[in-house]
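These are the residues of each chain, in order.
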Amino acid sequence: MYFPRFLVGATAALAILLIWTYNATGSVWYSLMWTTLGAFVLQLGYFLAVGFLVFRSEVAKSEKLSVSDEEKRANLFGGTGSLFG
């Protein structure tokens with residue numbers, strides 16, 4: 001995930017949330033509270049998404065290593081099945 005793009009999108013979303021809750025309630029403090037809660041939810045979502053991407057890349061890397069290890073074991077005897085031949 002590209003952080004500057006996320007930052008611009010999150011700022012725009014929070015600005016819309018701030019304006020929307022202020023228009024709905026007429027309270028600055030209530031709209032700031034909801035915007036702070038929204039910022040927390042966005043940050044948590046970003047953290048979980050990055051964690052998922054890191055986990056997925058580690059799984060793919062381990063699967064790639066296990067496939068190459070199996071190929072090395074299969075070619076241990078030069079494909080003949082015999083240590084001498």
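Before going into details, it helps to say that this report is about the structure given with it. (Residues numbered from 1 in each chain as written. Predicted model: local features only at pLDDT ≥ 70, side-chain atom pairs only at ≥ 80, totals over all residues. Heavy atoms only, no water.)

1. What to know about the overall build of the chain
So, point 1. Scanning the chain from terminus to terminus reveals 2 helices and 0 strands.
So, point 2. Counting only residues that meet the buried cut, the chain has 9% of its 85 residues in that class. (Helix = DSSP H or I, 4+ residues; strand = E, 2+ residues; numbered from the N terminus. Buried < 20%, exposed > 50% of the residue type's maximum accessible area, 1.4 Å probe, protein only.)

2. Describing a nonpolar patch on the surface
So, point 1. On the surface, Tyr30, Met33, Trp34, Leu37, Phe40, Val41, Leu44, Phe47 and Leu48 cluster together to form a nonpolar patch covering roughly 950 Å² of accessible area.
So, point 2. Its location among the elements puts Met33 in helix H2 (residues 28-74).
So, point 3. Assessed through its relative accessible area of 46%, Met33 is described here as partly exposed. (Patch = residues over 30% accessible without salt bridge, like charges linked within 9 Å, V, L, I, M, F, W, Y side chains within 5 Å. Areas by Shrake-Rupley, 256 points an atom, 1.4 Å probe, with all protein chains shown as cover. Salt bridge = Lys/Arg side-chain N within 4 Å of Asp/Glu carboxyl O.)

3. A few points about the side chain of Thr21
So, point 1. Mapped onto the fold, Thr21 is located in helix H1 (residues 3-25).
So, point 2. Only 2.9 Å separates the side chain of Thr21 from the backbone oxygen of Leu17, close enough to count as a polar contact. (Polar contact = N/O pair within 3.5 Å; in protein donor to acceptor, adjacent residues only side chain to side chain.)

4. What about the packing of aromatic side chains?
So, point 1. Inspection of the entire model under this criterion finds 2 aromatic pairs.
So, point 2. Between the aromatic rings of Tyr30 and Trp34, the centroid separation amounts to 6.3 Å while the plane-to-plane angle is 75°, which identifies the pairing as edge-to-face. You can see Tyr30 and its partner Trp34 sitting in helix H2, 4 residues apart, about one turn around the helix. (Phe/Tyr/Trp six-rings, centres within 6.5 Å; stacked < 30°, edge-to-face > 60°.)

5. Remarks on the side chain of Ser31
So, point 1. Take Ser31: it is sitting in helix H2.
So, point 2. A polar contact of 3.1 Å, which involves the side chain of Ser31, links it to the backbone oxygen of Ser27.
So, point 3. With residues up to four places along the chain from it excluded, the contact list for Ser31 reads Leu18, Thr21 and Tyr22. (Contact = heavy atoms within 4.5 Å.)

6. Some points on the environment of Leu37
So, point 1. Residue placement: Leu37 occurs in helix H2.
So, point 2. The exposure class assigned to Leu37 is partly exposed, which follows from its relative accessible area of 41%.
So, point 3. Separated by 23 residues in the primary sequence, Leu37 and Leu14 have C-alpha atoms spaced 9.8 Å apart.

7. As for H1
So, point 1. Look at H1: 32 Å from first C-alpha to last across 23 residues, which is about the 33 Å you get at 1.5 Å a residue.
So, point 2. Directly after H1, the chain includes Gly26, whose backbone phi takes a positive value near 80°. (Expected span 1.5 Å × (residues − 1).)

8. A few points about the environment of Thr11
So, point 1. Checked against the element boundaries, Thr11 lands in helix H1.
So, point 2. As a C-alpha pair, Thr11 and Ala39 span 28 residues in sequence and 8.7 Å in three-dimensional space.
So, point 3. In this structure the side chain of Thr11 is engaged in a polar contact, spanning 2.7 Å, whose partner is the backbone oxygen of Leu7.

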